[in-house]
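Results of the structural survey
Residues per chain, in single letters:
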Amino acid sequence: MNKKIVYQIAILIILYFGYGFYYLTRKSFIFMLPHFRLNQTSTFNLTKNDIGIVISGQNFAYATSKLIGGVLTDVYSSRILFGSGLFLSGLLNIAFKKDIQISSVYIYSCLIGFVQGTVFNCI
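Figured I'd write up the structure that's included with this text. Because the structure is a prediction, the values reported are computed rather than measured.

The relative placement of two aromatic rings is captured by the distance of their centres and the angle of their planes. The final tally for this structure, using the stated rule, is one aromatic pair. Arranged with centres 5.7 Å apart and planes meeting at 80°, the rings of Tyr16 and Phe17 form a pair that is edge-to-face. Here Tyr16 falls in the exposed class, since its relative accessible area comes to 63%.

The structure is reproduced here in structure tokens:
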């Protein structure tokens with residue numbers, strides 16, 4: 001097999017799984033919603049309004065940061081942006097789990113959306 005074809009297939013596989021991890025980290029709040037809802041065992045005790053504000057903030061940050069991502073993709077290498085964005089998204093998700101205040105959950109969620117949106121143009 002040609003060396004160029006092997007390289008292209010490897011890049012395609014890395015981008016496929018990388019985007020899958022991006023999607024998983026962007027939707028991590030939605031996956032954790034049953035734990036965040038009001039119940040006796042939850043430490044978060046978020047109302048439906050709180051959950052809606054957090055999800056809306058993340059989607060707004062994701063959508064607005066796509067503009068910045070387009071400029072960053074022109075300036076920096078896509079490989080650097082893709083790798084650093086996935087790393088930052090993972091760190092923010094770890095930090096997101098450590099704090100239980102609604103304001104910090106909103107801030108972390110918006111930061112995750114912002115990082116995800118800036119890297120979207122690399123793919």
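Structure shown, so let's carry the discussion forward.
This part is about the environment of Tyr19. By secondary structure assignment, the location of Tyr19 is in helix α1 (residues 3-26). The class for Tyr19 is partly exposed, based on a relative accessible area of 30%. On a C-alpha basis, the gap between Tyr19 and Asn121 in space is 11 Å, while along the polypeptide they are 102 residues apart.

What follows covers a nonpolar patch on the surface. The grouping of Met1, Ile5, Val6, Ile9, Ile13, Tyr16, Phe17, Phe21, Leu24 and Phe31 at the surface amounts to a nonpolar patch, some 1,100 Å² of accessible area in total. Considering each element in turn, the nonpolar patch owes the most residues, eight residues, to α1. As for its position among the elements, Phe17 is in helix α1.

A few words now on the side chain of Ser89. Tracing the sequence through the fold places Ser89 in helix α5 (residues 78-98). For Ser89, the side chain forms a polar contact with the side chain of Gln116, separated by 2.7 Å. Residues in contact with Ser89, not counting those within four places in the same chain, are Thr25, Ile112, Val115 and Gln116.

At their nearest, the axes of helix α4 (residues 48-75) and helix α6 (residues 102-119) sit 6 Å apart, and the two run at 30° to each other. Put simply, α4 runs roughly parallel to α6. In the crossing of α4 with α6, the sense of the turn from one axis to the other is right-handed. Between α4 and α6, the residues in contact are Asp50, Ile53, Val54, Gly57, Gln58, Ala61, Tyr62, Ser65, Lys66, Ile68, Gly69 and Leu72 and Ile102, Val105, Tyr106, Ser109, Cys110, Ile112, Gly113, Phe114, Gln116, Gly117 and Thr118, respectively. The class makeup of the residues in the contact of α4 with α6 is twelve nonpolar, nine polar and two charged.

It is worth spelling out the packing of α1 against α6 at this point. Relative orientation of the contacting elements α1 and α6 amounts to 155°, with a least axis distance of 10 Å. Between α1 and α6, the angle is such that the two are roughly antiparallel. Here α1 runs over α6; the crossing is left-handed. Counted together, Tyr22, Tyr23, Thr25 and Arg26 of α1 and Ile112, Gln116 and Val119 of α6 form the full contact between these two elements. The residue inventory of the contact of α1 with α6, partitioned by class, reads four nonpolar, two polar and one charged.

What counts and what doesn't
Residues numbered from 1 in each chain as written. Predicted model: local features only at pLDDT ≥ 70, side-chain atom pairs only at ≥ 80, totals over all residues. Heavy atoms only, no water. Phe/Tyr/Trp six-rings, centres within 6.5 Å; stacked < 30°, edge-to-face > 60°. Buried < 20%, exposed > 50% of the residue type's maximum accessible area, 1.4 Å probe, protein only. Helix = DSSP H or I, 4+ residues; strand = E, 2+ residues; numbered from the N terminus. Patch = residues over 30% accessible without salt bridge, like charges linked within 9 Å, V, L, I, M, F, W, Y side chains within 5 Å. Areas by Shrake-Rupley, 256 points an atom, 1.4 Å probe, with all protein chains shown as cover. Salt bridge = Lys/Arg side-chain N within 4 Å of Asp/Glu carboxyl O. Polar contact = N/O pair within 3.5 Å; in protein donor to acceptor, adjacent residues only side chain to side chain. Contact = heavy atoms within 4.5 Å. Axes fitted to C-alpha atoms, helices over the stretch in contact; angles between N-to-C directions. Parallel < 35°, antiparallel > 145°, perpendicular 65-115°, else oblique. Left-handed = near helix turned anticlockwise from the far one by under 90°. Nonpolar A, V, L, I, M, F, W, Y, C, P; charged D, E, K, R; others polar.

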